[in-house]
Amino acid sequence: MVIDACHEERADQRPRLPVRRAFTLGVVGLLTAAGVLTLAGTASAASTLGGAAAAKGRYFGAAVAANHLGEGQYAATLDTEFNAVTPENEMKWESVESSRNSFNFGAADQIVSHAQGKSMKIRGHTLVWHSQLPGWVGGLGATDLRSAMNNHITKVMQHYQGKIYAWDVVNEAFQDGGSGARRSSPFQDKLGDGFIEEAFRTARAADPNAKLCYNDYNTDGQNAKSNAVYAMVKDFKARGVPIDCVGFQSHFNSQSPVPGDYQQNLQRFADLGVDVQITELDIEGSGSAQADSYRRVTQACLAVSRCTGITVWGIPDKYSWRASGTPLLFDDNYGKKPAYDAVLAALGGSGGGDGGGGGGRSCTVSYAETQRWGDRFNGQVTVRAGSSAISGWTVTVTLRSAQTVSATWNGSPSWDSSGKVMTMKPNGNGNLGAGASTSFGFTVMANGDWSAPTIGSCTAS
Ligand code: XIL
């Protein structure tokens, strides 16, 4: 339950109390020593996702379906905005080798030649996966399965030799949940844990120039599953098993939001000596909350030097694989959504709309816990205008799952359906001169979790 306590009742609590901890969360990469981040756009920046990413030494890709390439707006958006592709289904086992040792590369070749014609990077997806796997594979005994797996990897990689930037050699080999165990699959069940190592060794021999990735979902923050993948990668690096990159699918919605430790998680993998990539990004939602999540993901990648690129899992919402929601950057008519503007601005580009700073107006946020009791604490967010005056601001506050908010002040809150994401707008304190600041506050019932909520970046208007 959210109660808006009036400013007068609460104002006395703020100035008198010592600041316990002050820091900024959520969007990183532009942190200053004071713990403040800036999201101002730059004037002479690239005006497309791919161009802006390239200026940051990265790629920005999309999952592409061969059967849409003939659609004018689809191809035009792909060619204008993106500098990398991943075939959404066309390179999967059931698509290329539906019967044993008989290969059909037609649809995948279409995407590859389109991408090559536009000098786009290509991610190969995916060689060994329990899903979209033809039935004949599961029917094989261990010896045959081993040779079928190695033959599949070798033939597919050799067909595309020299054309693929990075391959998802093994996809989704770990279970969800708290166990960190391997997922049951024909490969796991018949060949044991060693199948992943064998797949990577075979892949290195088949195309020594492609980067070899392990790819998974629900590994985006630190949890039992990502810890298990981390342990595997660490072991591979220690023993010289060839692995170059880890892909983080990053399918998010209100039940599974962008984790607060997303950047830290990318960084710990990078610190093992592998590249990291965001491979299948989509985020259900709309408007500024969705834009803010996309911005955070983009800034996390930019803040990790070995994060080499981001791929969104589709172009317009209408072609998303997700059953519900509007998770992509373009609407059904290829209109650029606020999420698009936010990503472009975060990449340092401009031209896509205001997007949190492209129009010259910008703001920064910083957070401090100002008081703590036995069961709750007060948080204070300071909003400061950039070098131009602003007439409004929007900041999201994402609670930890146990937490609730019992009061807010100095702002006008609205809540998403999960009850965990508060979007705060001004309540009479939206007009700020250049460099001027205001603060809003809230009381969090900790319910055992005393971590700071995640404070999103500030969008100025
Ligand atoms: C999805 C495709 O987008 C759908 O078209 C298909 O029906 C099912 O697979 N993780 C992955 C991707 O690694 O290959 C999946 O793609 C989405 C989840």
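Worth saying up front: this structure is predicted, and the values here are computed from it rather than measured. (Residues numbered from 1 in each chain as written. Predicted model: local features only at pLDDT ≥ 70, side-chain atom pairs only at ≥ 80, totals over all residues. Heavy atoms only, no water.)

(A) Structural context of the site of the ligand. As a matter of local geometry, the ligand sits amid 13 residues, with E88, N89, K92, H125 and E280 nearest to it. Contacts to the ligand include E88, whose side-chain N or O atom sits 2.4 Å from an oxygen atom. Here N171 contributes a side-chain N or O atom positioned 3.0 Å from an oxygen atom of the ligand. Protein contact buries 79% of the 420 Å² of open area that the ligand shows by itself. (Near = heavy atom within 4 Å. Polar contact = N/O pair within 3.5 Å; in protein donor to acceptor, adjacent residues only side chain to side chain. Areas by Shrake-Rupley, 256 points an atom, 1.4 Å probe, with all protein chains shown as cover.)

(B) Structural context of the sheet that holds strand β18 (residues 454-460). One open sheet accounts for four strands, arranged β15-β16-β13-β18; its pairing is antiparallel. Either end of the sheet is taken by a strand with one partner, and the two such strands are β15 (412-415) and β18. Strand-to-strand twist across the sheet, computed as the mean angle between neighbouring axes with direction ignored, equals 20°. The strands touched by helix α13 (residues 287-303) are β13 (393-398), β16 (421-425) and β18; relative to β18, the strand with the most contacts, the crossing angle is about 110°. (Pairing = 2+ DSSP bridges. Helix = DSSP H or I, 4+ residues; strand = E, 2+ residues; numbered from the N terminus. Axes fitted to C-alpha atoms, helices over the stretch in contact; angles between N-to-C directions. Contact = heavy atoms within 4.5 Å.)

(C) Main features of the packing of aromatic side chains. For the coordinates displayed, the defined rule picks out 19 aromatic pairs. Measuring from ring centre to ring centre gives 5.2 Å for F248 and F269, while their planes differ by 75°; the resulting arrangement is edge-to-face. With F248 in strand β7 (residues 245-248) and F269 in helix α12 (residues 262-270), this residue pair connects regions lying 21 residues apart in the sequence. Of the residues examined, F248 reaches a relative accessible area of 0% and is grouped as buried. On the accessibility criterion, F269 (0% relative accessible area) is buried. Ring centres 6.0 Å apart and planes at 40° place the aromatic pair F377 and W450 in the tilted group. (Phe/Tyr/Trp six-rings, centres within 6.5 Å; stacked < 30°, edge-to-face > 60°. Buried < 20%, exposed > 50% of the residue type's maximum accessible area, 1.4 Å probe, protein only.)

Just geometry here; none of it tells us what the structure is for.
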